[in-house]
Every structure is written in structure tokens, then in C-alpha cells.
Amino acid sequence: MQKHNLLAKKIKRQILSANNSIENYFNQIKLFLIKIKKSKLNKNNKVFLGLGVFLILILSYFLLPTIYDKDLISEKIKNQIANRYNIEIKFNEKINYSLLPKPSFASKNISIIQDKKIIGSVENFKIYISIKNLFSFKNFDTKNIIFEKTDFNLKKKDLIFFNNLLDIQPSNNRIIFKNSNIFFRDDNDEILFINKIYNSKLYYDAKNLKNIFISKNEVFNVPYKIVIQNDKFRKLFTSEFSSKKIRLNLENKIDYTDLKKKTGIFEILFVNKNTSLDYTINENNLVFNSKDNKNKFKGFFDFKPFYLSMNISYDGLSLKNLFNESSIIIDLIKTELLNNKNLNAKINLDVKDITNIDELQNMSLLINLEEGNINLSNSNIMWKDDLKINLSESFINFDLNEVSLIGRMILEFKNLDNFYRSFQVKKNDRKKIQKIELDFNYNLDNQKISFDNVKIDNISNPEIQKFIDKFNSKQNMILNKVTFKNFINNFFSVYAG
């Protein structure tokens, strides 16, 4: 009983103390107001005082988040990001509040998680907050998110992370990635390639009712920009790829009304030539076919493993677009984009007419891409109807920043007399031959060529070899029409003795 009385007295003393403190606080405010009324303030002082009080109240309002429990704030932010964007994050360090330039919370060392696995590590994280309802923690609301210096480690199945972003609900907020990297890995966890993200943003276009993703990137030293749009109402997915360095623009539209069999249209702007492809995506492959009757594309991609098979037919094409020093092919080779052991392809290119060289026609170029090697063996082209030029063994070599076409060439004469007349070979030098075999090395950057191991009708000729050695030793041996014509005339003159 005595203990109960002592506890009651103690509580009573605390309540009285609190009441006295509150009463004293309001008495001080009252005295402060009385002093202000009694004091003679001029007009300027009143304005200054009013502004000061207003600024203090505004600042106090914006600083309210500093008194929130940081653990509760972290949990609130995690939940809102998960519900709105289907992104699961984990805070590994404390978050900090910043008022400038806009109210926001920031943290370092954030983990992005998918299927209970860390797929991204974020060095700097920032999320802006709404300035409305800062008095109420319950109504606390987040806005734009910035992930800076993020390293993604992704396998094929993890790419659903970005697909999910394009499927988010309409929002006025943005998700931004800056100065980040995507490390694409195979099933053995080896890095296939690295995609650098300089700046990307995801947002909802309320006017056109689309989720839009815009990103500036770089892969294999090739800068490019990609724009992806998802129109969920029309079930239409569009993407645009553009790279000035390799002069390639791609536009894609796909209808995903039927999820098992998607159909689309693919526009290719390749060295100022436009081609349109229809395609169908099945579970394990993609089949495509061009709509152009003159320039035809037909083929398929196998997804597991990655393999491309394609047949291309052109009515007319300039060799400058293929093997000129500034061509798209040379640019691609120098970027080492094709030097990937996981990239395998077989491309058959048939061209009826070579537009920049009147005598050349009916080219059949067989391009085999295997484990980073570019093989052109068994390709051939006709010189008028008189000569068939075969590349029995041939490949493209990239060394010391120069690209060369190397191999063995077989020249089969179909109409030798017409060939001699075309090059105005002297009648005394017109020997009867069927074929010529020789090794060659053609530098595509400086357009210089050299030959070796020449055989005429399967027989080596010492005088011809001397002539070839002398030709190769010349510093100025750029291959052009004049050089080529002189080479042919001198070659047959030496062979005739």
C-alpha cells in the first residue's frame, strides 16, 4: 500500500512538472507578443520580421523529413519502388535527407534484387520526394529515382528486369540510370560483352499513353542510341536503334497480341539503303523475309545457341559499300563487334550487278562467322562472261588497326579470247591457258595488294615469280583500274617470254 502511494505521488509530480513547463512556454510566447506590441516598429522592420517568420516556417516545413525515423523511411521507399516499378532494392547503408536542389533522400551501396539474387550494385542512389503532405508520414510520397554508377550482372533470363520496367503502370515519375554498365554473362558466368550506359531514362508519356525508355550507350566501342516504346493499349512494342559511327539505323514494330507467336516489321537503313523485313518470333527462333522484290532478305535466328542464317539478294550493289576503307563492314570489323566466340552466322550474299565496276557481275559472297573468325572461302564473282574469280580459301584479318583480305584465288577462263581483247593484250602474248592460281593479300585500308605462289595450269613459272616479287616490292602499288590493266598486260608478256 505504501509503495502504491509513493508511485502515485511520483506520477503526480511528473504531470505537474510537465504542466508547469507547458504553461511557462506559453507565458513566454505571450510576453514576447506583448513586447512586440509595446515596441515601436517602423514599417520596414515589420516587413522584415514578417519575411523572417515566413522563411523560418517554410524552412521548418521542408526540414520535417529529418525527424522521421530513417529505418521507417527506408522501408517506405522500398515498398513504393517495389509496388510502382516492380524493382526490389536493399539498402546496405543509412539514408540521408537533402533539401537542395530538391527535397530527396540519398544513399550509397544499394543492391537491386531479382528472384532472390543480386543483379545490380548501385554506388549512388537518390530518390526525390513530393513536397506535399510532409506533415504526414502516412502520406509520404516518392518521385523520380536516380541510379548512378550501377553495375548489372545479367544472364539471358535476367533481361526480364528491363522488360518489367516497360510494363509499369502510368506515372509522372522517371527512373534514370547514369554512368552504368551491363555485364552480359553466359550460363558459365563468363562475360560475353559489356554494354555501357551513359544516360538513360524511363517515363510514361501521358499524351500518347506509352511507356518510353531512352538510352545512350556504347558496346564494342560503338556508341549508339536506343528508344523503346510500349503501347499497352494497342499491344504494340516499338524500338529504334541508331549509330552514326557504323551508319546503321534500325526500326522495329512488333504486335504482341498473340504472346506465343509475335509478328513484326523491321526497317533497316544500311549505308543509305532501306530494307523492310517481315518477321515472326516463335519460342526458339526468329524467321524473317524482306518485302522488297529487288533486294531480298530471307533467313532465321536460332536463340539457343545464337546462330544466324541469312540469304541476301541484290540487283545492284557497289563494292565500295562492302570493302571500301570507310565501309560499314570495315567499321564493324575494327570495332571488334564480330570478334565474339558466341556469335555464329552463315550469310549468302548474291549480287547481279556491281554498280561501280562495269565488268564485274554475278557475285556470290559466302560469309561464315565462327568463333570470331570471318571466312569468305568458296565465294566467287564473274568478270563479264569471260572469267570466273574464285576465292578457294579466304578470310578477313584485323591486325595493327588494319583490315586485310587474305587467301588463295583461282582464275578460271571461260572465254580467253574476249578476255585478251578487253585488256588489249598483244597477240604474241596471248597464250592458251585454262586457269591461274595465286595467293593474295589485299589491304582494305590503303587498297594495296600483293601476290605470291603463282601457278598457271598447275605449273609454277620462275619468270612469273620474279615479276610478282618485283611488283610486290614497289612502294606505290595501290590497286586501281590503271594498275590492274598494266599488271595484266605485263603478266602475260612475261609469261609469253
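Analysis parameters
Residue numbers here run from 1 along each chain, matching the order of that chain's written sequence. Only residues with pLDDT of 70 or above have their local features reported here, since the model is predicted, and side-chain atom pairs are shown and tallied only from 80 upward, although totals for entire chains, interfaces and linings are computed over all residues. With hydrogens and water set aside, each side-chain value is computed from the structure's full complement of heavy atoms. The helix count covers DSSP runs of H or I at least four residues long, the strand count covers runs of E at least two residues long, and both are numbered beginning at the N terminus. Contacts: residue pairs with any heavy atoms within 4.5 Å of one another. For the accessible areas, the method is Shrake-Rupley and the probe is 1.4 Å, while residue cover comes only from the protein chains on display. Only residues whose relative accessible area exceeds 30% and that take part in no salt bridge are eligible for patches, with like-charged residues grouped when within 9 Å of each other and nonpolar side chains (Val, Leu, Ile, Met, Phe, Trp, Tyr) grouped when within 5 Å. Throughout this description, the term salt bridge denotes a Lys or Arg side-chain nitrogen within 4 Å of a carboxyl oxygen of Asp or Glu. Only four residue types enter the tally: Lys and Arg on the positive side, Asp and Glu on the negative side; His and the chain ends are excluded. Charge positions are represented by NZ for Lys, CZ for Arg, CG for Asp and CD for Glu. Pairing of aromatic side chains requires ring centres within 6.5 Å, counting the rings of Phe and Tyr and the six-membered ring of Trp. Pairs whose planes differ by under 30 degrees are stacked, by over 60 edge-to-face, and all others tilted. Three labels apply to residues, based on accessible area from a 1.4 Å probe with only protein chains included: buried if under 20% of the type maximum, exposed if over 50%, partly exposed otherwise in between. Helix axes are fitted to C-alpha atoms over the stretch in contact, other axes to C-alpha atoms as well, and angles between N-to-C directions run from 0 to 180 degrees. Roughly parallel means an angle under 35 degrees; roughly antiparallel means over 145; roughly perpendicular covers 65 to 115; every other angle is labelled oblique. Each crossing is labelled by how the near helix is turned from the far one, with a counterclockwise turn of less than a right angle marking it left-handed and a clockwise turn marking it right-handed. Ten residues, namely Ala, Val, Leu, Ile, Met, Phe, Trp, Tyr, Cys and Pro, are considered nonpolar, four, namely Asp, Glu, Lys and Arg, are considered charged, and the remaining ones, Gly among them, are considered polar. For a helix, the expected span equals 1.5 Å multiplied by the number of residues minus one. The directions considered for the arc run from the helix axis to the C-beta atoms. What makes a nonpolar core is a set of buried Ala, Val, Leu, Ile, Met, Phe, Trp, Tyr and Cys residues whose side-chain atoms join them at distances within 4.5 Å.

**Q** Can you explain the overall build of the protein chain? Please cite residues and give values.
**A** The secondary structure content of the protein chain amounts to nine helices and 25 strands. Restricting the contact set of the protein chain to residue pairs at least 6 apart, pairs at least 24 apart contribute 44%. Of the roughly 30600 Å² that the protein chain leaves accessible, carbon and sulfur atoms contribute 53%.

**Q** Tell me about a positive patch on the surface, residues and numbers included.
**A** Taken together, Arg-174, Lys-201, Lys-216 and Lys-225 make up a surface patch of like positive charges. Of note, Arg-174 is situated in the loop between helix H4 (160–165) and strand E6 (175–185).

**Q** Describe in detail the packing of aromatic side chains, supporting the description with residues and values.
**A** Two descriptors summarise a pair of aromatic rings, namely the distance from one centre to the other and the angle between the planes of the rings. Here the structure, examined in full by the defined rule, presents 26 aromatic pairs. Ring centres of Phe-423 and Phe-484 lie 5.7 Å apart, and the angle between their planes is 75 degrees; this geometry places the pair in the edge-to-face category. Taken as a pair, Phe-423 in the loop between helix H7 (416–422) and strand E23 (435–443) and Phe-484 in helix H9 (residues 481–496) lie far apart in primary sequence, 61 residues in all. Residue Phe-484 is classed as partly exposed on the basis of its relative accessible area of 29%.

**Q** For the packing of helix H8 (residues 462–473) against H9, give the residues involved together with the corresponding values.
**A** Two numbers describe how H8 lies on H9: the axes approach to 9 Å, and their chain directions differ by 155 degrees. It follows that H8 is roughly antiparallel to H9 by the angle criterion. Of the two elements, H8 crosses H9, and the hand of that crossing is right-handed. Residue-level inspection shows Glu-463, Ile-464, Phe-467, Ile-468 and Phe-471 of H8 in contact with H9, the latter providing Thr-483, Phe-487, Asn-490, Phe-491, Val-494 and Tyr-495. Residues belonging to the contact of H8 with H9 are distributed by class as follows: eight nonpolar, two polar and one charged.

**Q** So what about helix H3 (residues 70–85)? Which residues, and what values?
**A** Over its 16 residues, H3 runs 22 Å from end to end, which matches the ideal 22 Å to within 8%, given 1.5 Å per residue. Within H3 the residues assigned to the buried category are Ile-73, Ser-74, Ile-77, Gln-80, Ile-81 and Tyr-85. Buried residues of H3, seen end-on, are gathered within an arc of 135 degrees and therefore sit on one face of the element. On its buried side, H3 packs onto strand E1 (88–91), strand E3 (104–114), strand E4 (117–129), strand E5 (142–154), H4 and E6. Of the residues flanking the end of H3, it is Asn-86, one or two places downstream, whose phi is positive at about 60 degrees.

**Q** Any chance you could break down the nonpolar core for me, citing the residues and the numbers?
**A** Formed by 66 residues in total, the largest nonpolar core has its most connected members in Phe-419, Ile-436, Phe-491 and Phe-492. Setting aside residues no more than four positions away along its own chain, Phe-419 makes contact with Trp-383, Asp-386, Leu-387, Phe-413, Ile-488 and Phe-492. Of all hydrophobic cores here, the second largest spans 35 residues; its members include Tyr-85, Ile-87, Ile-95 and Phe-125.

Just geometry here; none of it tells us what the structure is for.
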